[in-house]
Amino acid sequence: MTATSLTTDAVATTVEMPVPMWRQRLKIFTQNKLAIASVLYLLLITLFCFLWPHFHPTNQTNQNLAINNPINQGPDSQFWLGTDSSGFDVLGRIAYGGEYSLTLGFLAGIVTIVVGTLYGMISGFLGGVVDTVMMRVLDAFLSIPYLFLLITLVTLFARTATLLILTIGLTGWWGTARIIRADAMLIRNLEYSQAATTMGASKWHIIHRHVFPNSISNIVTVATFSVADAILFLSTLGFLGLGLQAPQTDWGTMLQNGAELIPNGYWWEVYPLAAIFILVVVAINYIGDALRDAFEVRLLER
Amino acid sequence: MLAYIIRRLIQSIVVLLMVIVFSFSLPYFQPEGIYTPAYSVLGTHATHANILAWGAQYGLNHPFFVRLWNYIIALLHGNFGFSYKQGQSVYSIIATNVPRTVWLALSALLLTLVIAVPLGMIQAQRRNSVFDYAGTGVAFVLYAVPSFLLAFLLIQVFAFGILHLPSQAPTALAPWAMFTNPVAFILPVATLTLLGVAGISRFMRGAVLDVMVQDYVRTAKAKGCSARRVLWRHTFRNALGPIITLLGLAIPGLFGGALIVEDVFNYPGLGYQAYNGALNGDLPLVIGITLLVAVFTVLGNLAADLALGIVNPRIRIERSGK
């Protein structure tokens, strides 16, 4: 407790390694209790959707077999959340529809972010005439009512899972491209990018070594919101009767089918799923918000 | 400023032309291509020659660019094409439906602003208070509820639970049904308003927070401005800029929301027509409505841009300087 420990303390503080950036960010993220709760909730729901059918297999695809089940029956010991109008077990169907909703939403969000990032990076980085043209094209896309375009495209093509992912993904990136472009323009004009340019670095080198790594935080945040949006739009398509075709289903289609029967008092076909669904979107958006905070440079310890 | 307005106008026209080219190309992606209307008009027994003859009659056999040119000329004459499914011109369908949707969307938009702007400001002023957290929480949940589900829940609670509001919008076709039967509009307008408030109040809160840390706000406080003057004169006016831009961009979403609301509440309007048009493969109708909304959006963005110059003199100077 005397001189020795004092010196070691002093040494410890002077040679202490700087905490890596990602760790500081992780710390900010994990200090946010609600963000952790959101992550846990999403994990729980995802595990439920993908694993529950294995623990408690229910028939979710054969309408002929399902018809032997009681129809629109309330929850009991055999059907924990009752059955729907086709005789499918509702709890099992929530998991089955969730597999589609979550997977499609996730993949469509990924398509959105990839296309939007590429477009925004190229436009923002090249600047000049290319940027002007690309931005006017984007303006044109942004002035088309998204939902109108979506339902038109979905009615033109077959409603398979792949095509739904592509339709939602390839039409959802306009806002993303704008954000990423602003980022790329900003970073392009920062000192380190300009230094690289003076040293003769190629444009491609600057994009993938400087612009892309430095906008990754924004990309990740926007990607989170894209997934939430894609899940919402998929559910809207389902509500409009343009979701996956039976016997496949998604949460939007299930909510629509259940909502139609609510006057008969079949609450179990809507409200449990509605709560799960809303909370999933809340959780994803909240994670996005918390990520944005974690990436905020101002909050890092310096 | 005049040079800026002219440049902006040219930009808008270019954007509109691109929307036209895009929507003009859409029918080529139908299963039977641009000849699809011929099949629905002539029926299943039409021979290939019949189809081609019908197409020639309407100029479908011309090359892409000739058709595009004719299409643009027709648009300039107010001719949006013909809805073969409904047997009337797209223009007449739009003309009867536009007032109803615009009433619905505009009243929701006004109400949204009246609620969301003060809400966002109060939240920013009392940051991290219970009120702020409650507002953020509600906005977060509302933001996550799909519009159809929100409409459904509102109907369950306020039409069948308490208050017993009408669960259907008036089906009377007159646009002034809004005034003769205002009660029936409460739920549709409330749905759109709540969705709008969720987004805009959060945005307003952020905008006010951004302005509150600016040097000029501190200067205003330091030179002894009253809190009220700092709030309205310095903070509010500067925070308004982003909101005005957002409003211009929000127009397509507003019509998208109207589509769902019109469908849920059985309210015949543009969205209702567009949805049924898409379901029936009535592309001329869908494209006509899409173009109209695009025109609204482009005009809205233009208006927002010009309004920005009015509320913020700095932007005006910046623009005339270059």
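It should be emphasised that the depicted structure is a prediction, and the values quoted were computed from it without experimental measurement.

1. Let's talk about the confidence of the model for chain A
When pLDDT is averaged along chain A, the result is 84; 92% of the residues meet or exceed 70. Segment residues 1-6 of chain A is flagged for pLDDT under 50; beyond a separation of four residues in sequence, or across chains, it makes zero contacts in the model.

2. Structural notes on the pattern of salt bridges
Two side chains of opposite charge can pair, provided their charged atoms sit close to one another. Per the stated rule, a full pass over the model turns up eight salt bridges over all chains. Between A:Asp131 and A:Arg181 there is a salt bridge, with its nearest N and O atoms 2.7 Å apart. One end of the pair, A:Asp131, is in helix α6 (residues 128-142); the other, A:Arg181, is in helix α9 (residues 174-188), and 50 residues separate them in sequence. Judged on exposure class, the residue A:Asp131 and its partner A:Arg181 are both buried. The salt bridge partner of B:Arg8 is B:Asp305, with a shortest N-O separation of 2.7 Å. Here B:Arg8, found in helix α1 (residues 2-25), pairs with B:Asp305, found in helix α13 (residues 283-311); they are 297 residues apart in sequence, far enough to count as distant. In this structure B:Asp305 comes out as buried when scored by relative accessible area, which is 17%. Three or more residues joined by partner-sharing salt bridges are found here, namely A:Arg136, A:Asp139 and A:Arg178.

3. Remarks on the interface of chain A and chain B
Every contact between the two is made by 40 residues of chain A and, on the other side, 42 residues of chain B. Counting each side, the surface lost to burial between chain A and chain B is near 3,500 Å², with a carbon and sulfur contribution of 81%. Three residues, A:Phe148, A:Leu156 and A:Phe239, lead the burial of chain A against chain B; their summed loss comes to 19% of the area buried on that side. Here chain A and chain B share one salt bridge between them. Taking the shortest distance from any N to any O, the salt bridge between A:Asp289 and B:Arg202 comes out at 2.9 Å. At the junction of chain A with chain B, the criterion picks out four residue pairs in polar contact (both at pLDDT 80 or more). Taken together, the elements giving at least two residues each to the side of chain A that touches chain B come down to α6, α7 (146-156), α11 (203-239), α12 (251-261) and α13 (271-295) of chain A.

4. Topic: the packing of aromatic side chains
One pass over the full model with this rule turns up 27 aromatic pairs over all chains. Plain terms: the ring middles of A:Tyr266 and A:Trp268 are 5.5 Å apart, the flat faces sit at 45 degrees to each other, and that makes the pair tilted. Judged by its relative accessible area of 8%, A:Trp268 is buried. Cation over ring: B:Arg126 sits above B:Phe131, and NZ or CZ is 6.0 Å from the ring centre.

5. Considerations on the packing of helix α5 (residues 90-125) of chain B against helix α6 (residues 130-144) of chain B
Residues and elements named next belong to chain B. With their axes 8 Å apart at the nearest point, α5 and α6 run at an angle of 135 degrees to one another. Judged by the angle between their axes, α5 and α6 are oblique. In this structure, the crossing between α5 and α6 has a hand that is left-handed. Across the interface between the two elements, Leu-119, Ile-122 and Gln-123 from α5 touch Phe-131, Asp-132, Gly-135 and Thr-136 from α6. Here the residues of the contact of α5 with α6 are counted per class, giving three nonpolar, three polar and one charged.

6. A few points about unusual backbone geometry
Residue and element names in this part refer to chain B. Of note, Asn-128 is a non-glycine position whose phi angle comes to about 65 degrees, a positive value. Its location among the elements puts Asn-128 in the loop between α5 and α6. On the basis of relative accessibility, which here comes to 49%, the residue Asn-128 falls in the partly exposed class. Look at Asn-266: it is not a glycine, yet its phi comes out positive at around 55 degrees. Relative to the helices and strands, Asn-266 resides in the loop between α11 (227-264) and α12 (270-279). Judged by its relative accessible area of 31%, Asn-266 is partly exposed.

7. As for the packing of α11(B) against α13(B)
All names here are of chain B. Where α11 meets α13, the axes come as close as 8 Å, and the angle between the chain directions of the two elements is 175 degrees. Taken together, the axes of α11 and α13 are roughly antiparallel relative to one another. Across the interface between the two elements, Arg-237, Gly-241, Ile-244, Thr-245, Gly-248, Leu-249, Ile-251, Pro-252 and Phe-255 of α11 pack against Val-293, Phe-296, Thr-297, Gly-300, Asn-301, Ala-304, Ala-307, Leu-308 and Val-311 of α13. Grouping the amino acids of the contact of α11 with α13 by side-chain chemistry returns eleven nonpolar, six polar and one charged.

Rules behind the numbers
- Residues numbered from 1 in each chain as written.
- Chains lettered and ligands numbered in written order.
- Predicted model: local features only at pLDDT ≥ 70, side-chain atom pairs only at ≥ 80, totals over all residues.
- Heavy atoms only, no water.
- pLDDT = per-residue confidence, 0-100.
- Contact = heavy atoms within 4.5 Å.
- Salt bridge = Lys/Arg side-chain N within 4 Å of Asp/Glu carboxyl O.
- Helix = DSSP H or I, 4+ residues; strand = E, 2+ residues; numbered from the N terminus.
- Buried < 20%, exposed > 50% of the residue type's maximum accessible area, 1.4 Å probe, protein only.
- Buried area = accessible area lost by both parts, 1.4 Å probe.
- Polar contact = N/O pair within 3.5 Å; in protein donor to acceptor, adjacent residues only side chain to side chain.
- Phe/Tyr/Trp six-rings, centres within 6.5 Å; stacked < 30°, edge-to-face > 60°.
- Lys NZ or Arg CZ within 6 Å of the ring centre and 35° of its normal.
- Axes fitted to C-alpha atoms, helices over the stretch in contact; angles between N-to-C directions.
- Parallel < 35°, antiparallel > 145°, perpendicular 65-115°, else oblique.
- Left-handed = near helix turned anticlockwise from the far one by under 90°.
- Nonpolar A, V, L, I, M, F, W, Y, C, P; charged D, E, K, R; others polar.

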